[in-house]
Amino acid sequence: MSFYTSLTGLNSATAQLAVTSNNIANVGTSGFKRSRADFGDIFSTSPLQKSSSNIGQGVSLKQVSQEFSQGNISTSGNSLDLAITGDGFFPLKTPDGLQDVYTRNGSFTLNDQNNVVNSTGQRLMAASVDSSGKADLTDLNALTIPPKTSGEAIETTQIQLGLNLPADSAVITADFDRTNPSTYNKSTALTVYDSGGNGYLATVYYVKTQNASQDSPFSKWQTYFFVGDTQVKPALQQATDTLGADLFVNKYGDVLPKTDPRVIPSSGTTEMYSLDELTDIRPSSPATALGAALTSANFTGGALVGATSGTLGFSIKIDGASTATPISYTLKEGDSNPEVLARNVEIAINNVMGSLADTGTPAVKNARYGITVEFDPSGPRFAIASGTTGDDSSIEISAADEKAINLLGLGGTGAVLKVESSVGEAVRGKASEPAVLRGETLTTINPTKPVLVTSNNKDFFVAVDGISKKVEMPFPVSHPNIKAFTEALQTEINKIVDADTGRKVSGVVVDFDIKTKQLVFKTATTGENSSILVTGTADWGLSNTEMQFGVTTEWKKLAQFTENGALQFVKNGVQTEDAEGLSTKTEWWPVYLDRGELSFDLTGKPTSPLTGMPFETAFLQGGKGALTMSIDFTKSTQYSSAFAVLSQSQDGAPEGELMGLNINPDGLVNATYSNGSQVSLGKIVLANFSSPSGLRQVGDASYLSSASSGTAKIGEAGSAGFGSIRAGATERANVDLTQELVDLITAQRNFQANAKAIETSSTMTSAIINIRS
């Protein structure tokens, strides 16, 4: 019986030797886990046997288990080599996709289908991720790393060019020819892409067409854009302000952005106007009634006949007055001179019209100011103009008597000279501005407190429209407040009469600005011939005032844009010669830039366009598709330095080649491609088991789940219960050679001892056999 007991010892020693040899053999296998042989003694008894007298029957191998302790980490040059630091296994799928396999061996490569696989072709599984990198653990697929992007090519729509165009470049007048470098100043080239990622050479040529001058302080360049050999024409572009708001123009040439509350954008078909053609600047003018040309019977030898005695009379309505005002002038010596008569009649009209009282409730202002009478010797004829300028001005002369007809040419008996206000078309422009004088700030004035006029501050010097006089306010007088004082001063100013001509000052308004605490003086007349000066003591803030003048406003006469002699219109953003559907109620028209033109001011800064320059659709040669692009020149300059490309970019991109791969410790796989795109391909997940020692070995450092190990639990690397992933490294075997060699010696000694026991048993058996002999 001892023979067989020793035989089990030999078998156990052999098994331990085999396990140890296997550990030593796999010391270089990545992810290999050391095996351990577990033994148990054999003991057999029966219920009728005395247990204290039973002898054991040897040893048996119970199991060979793995020790899943952490192996050392070894770095490598392969970014697909992965090591797990901590608990967990890489989940794999067999090539046929039918079986789940688990391993700690992270030596991976790409197969012909760009799947990440190990040496046996088993595919590494990863979870799908959203744009933020969040994993969906219910959706596991084989990790695939495309060598290039697919369907991610981006069509070029916007190009940015920041250039310096030399200010001293010569203006070229020759017709542009891209094959003749003498017909353009400079050029730039770049690559643009269609929706399939195909690249095309795009070239922009620059031709200087205008140097800045006094009449037009802008330098202009014309651009020509080619894609390959196909010229791409600039599209219609509405002018914008510096903030990108579209610009509109009214009938007076006022250009305002769409954001201005006064602008009401037009709709439907509209006339087309060019920003560069808003150059016909005109001064606003009054409504003017022209008398008939004087006959030789009334004007001869430069003198009027019968103009030294008698009276002339007529009625006049100015600027929409409801009733006509009669004017009567007594002729006197010297009126035979038409210039003198014109001046005297002008004074007579203004003295009457300026003193008309307000009527009605609410009050209607009837007074009118600044009417002019002029004589044109080339006519010869007289002209009477309203005192205000612009299309709202009007004049009507009627009921002229015989003297007025003969001397002033104011029509025949019963005739009416009439110039109405213009409602639709711009004819005379806008109303001009009066002269406004502001005094210095009065810090000591309280608007609600009494204002005292004394001998020290009573004197004022006033000059209005060429009429000047010293005004002395009554003193000592205490006015209840500043408003009462300004009304009193206004009354005194409007009493002034020119001693030489008899012309009266009227309509001057005196006010006090509560916010700025300044006295404000404003004339009733308007335009550049209007003036006012009021001086006084420092008590009133008038010790350092200067003469102020009115402003004759200017306006721009609109000229509709023409092309090849035909008037141009814009319908739904498209330039056309078709005027169908033309709006008759438009007050603000879009204003457009010249196609393809760059403009710079005297400082070299761009003035137009201030947004991207759009181009019409470019149809690619060979039917490869079409591109619709715009070029942003807003970062360009025109300085005296040499031509330079300061910045250049475009938003298109071809398909990208794989440039790099980055695997984060949490398993997120990011790929970088040559077109600049970065793609999250998935997240490598880990599997763990309730009893890893229960896994079934299948070779290649791989395992299958079993009833003993339990089912796999999938989780993200770095989360609770799972280790982290290190890319570019592998986990070495956790075999300790020193320990294995000791175990090897131990197994050898065990084998020898059991062999000796068999030898002893054999000797004893031989001795028993020899007893009979």
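Keep in mind that what you see is a predicted model, and the values were worked out from it rather than measured.

Let us now look at the packing of aromatic side chains. In the structure shown here, the tally under the stated rule is 22 aromatic pairs. Each ring, one from tyrosine 252 and one from tryptophan 555, has its centre 6.3 Å from the other, and the planes form 85 degrees; the classification is edge-to-face. With tyrosine 252 in the loop between strand S16 (247–249) and strand S17 (255–257) and tryptophan 555 in strand S39 (residues 554–556), the pair connects residues that are 303 residues apart, well separated along the chain. Three or more aromatic residues joined by ring pairs form one cluster here, namely Phe68, Phe89, Tyr102, Phe689 and Tyr703. For arginine 178, the ring lying beneath its charged end belongs to phenylalanine 226, and the centroid distance is 4.2 Å.

Right, let's get into the sheet that holds strand S28 (residues 395–398). Spatially, S25-S24-S28-S29 is the arrangement adopted by the four strands of the open sheet, whose pairing is antiparallel. Two strands bound the open sheet, and with one partner strand each, they are strand S25 (325–330) and strand S29 (417–419). Strand after strand, the sheet turns through a mean of 25 degrees between neighbouring axes, direction not considered. In this sheet, S28 lies alongside strand S24 (residues 311–318) in antiparallel orientation, the contact comprising four bridges. Each residue of the ladder has a partner; that of lysine 317, found in S28, is glutamate 396. Helix H2 (residues 338–353) contacts S24 and S25 of the sheet and is inclined by roughly 140 degrees relative to S25.

Turning our eyes to something else, we now look at H2. If you check H2, its first and last C-alpha atoms are 22 Å apart, about what 16 residues at 1.5 Å a residue would give, namely 22 Å. Listing the buried residues of H2 in full gives Pro338, Leu341, Ala342, Asn344, Val345, Glu346, Ile347, Ala348, Ile349, Asn350, Asn351 and Met353. Backbone nitrogen of glutamate 339 and a side-chain oxygen of the N-cap are separated by 3.0 Å at the start of H2; the cap is asparagine 337.

Our focus in this paragraph is the pairing of strand S10 (residues 135–142). Across five bridges, strand S9 (residues 123–129) lies against S10 in antiparallel orientation. Counted as the bridge partner of alanine 126 is asparagine 141 from S10. Here S9 folds back onto S10, and the loop between the two strands holds five residues, one of which, glycine 133, carries a positive phi near 90 degrees.

Parameters at a glance
Residues numbered from 1 in each chain as written. Predicted model: local features only at pLDDT ≥ 70, side-chain atom pairs only at ≥ 80, totals over all residues. Heavy atoms only, no water. Phe/Tyr/Trp six-rings, centres within 6.5 Å; stacked < 30°, edge-to-face > 60°. Helix = DSSP H or I, 4+ residues; strand = E, 2+ residues; numbered from the N terminus. Lys NZ or Arg CZ within 6 Å of the ring centre and 35° of its normal. Pairing = 2+ DSSP bridges. Axes fitted to C-alpha atoms, helices over the stretch in contact; angles between N-to-C directions. Contact = heavy atoms within 4.5 Å. Expected span 1.5 Å × (residues − 1). Buried < 20%, exposed > 50% of the residue type's maximum accessible area, 1.4 Å probe, protein only. Polar contact = N/O pair within 3.5 Å; in protein donor to acceptor, adjacent residues only side chain to side chain.

Without other data, these values stay purely geometric and don't point to any function.
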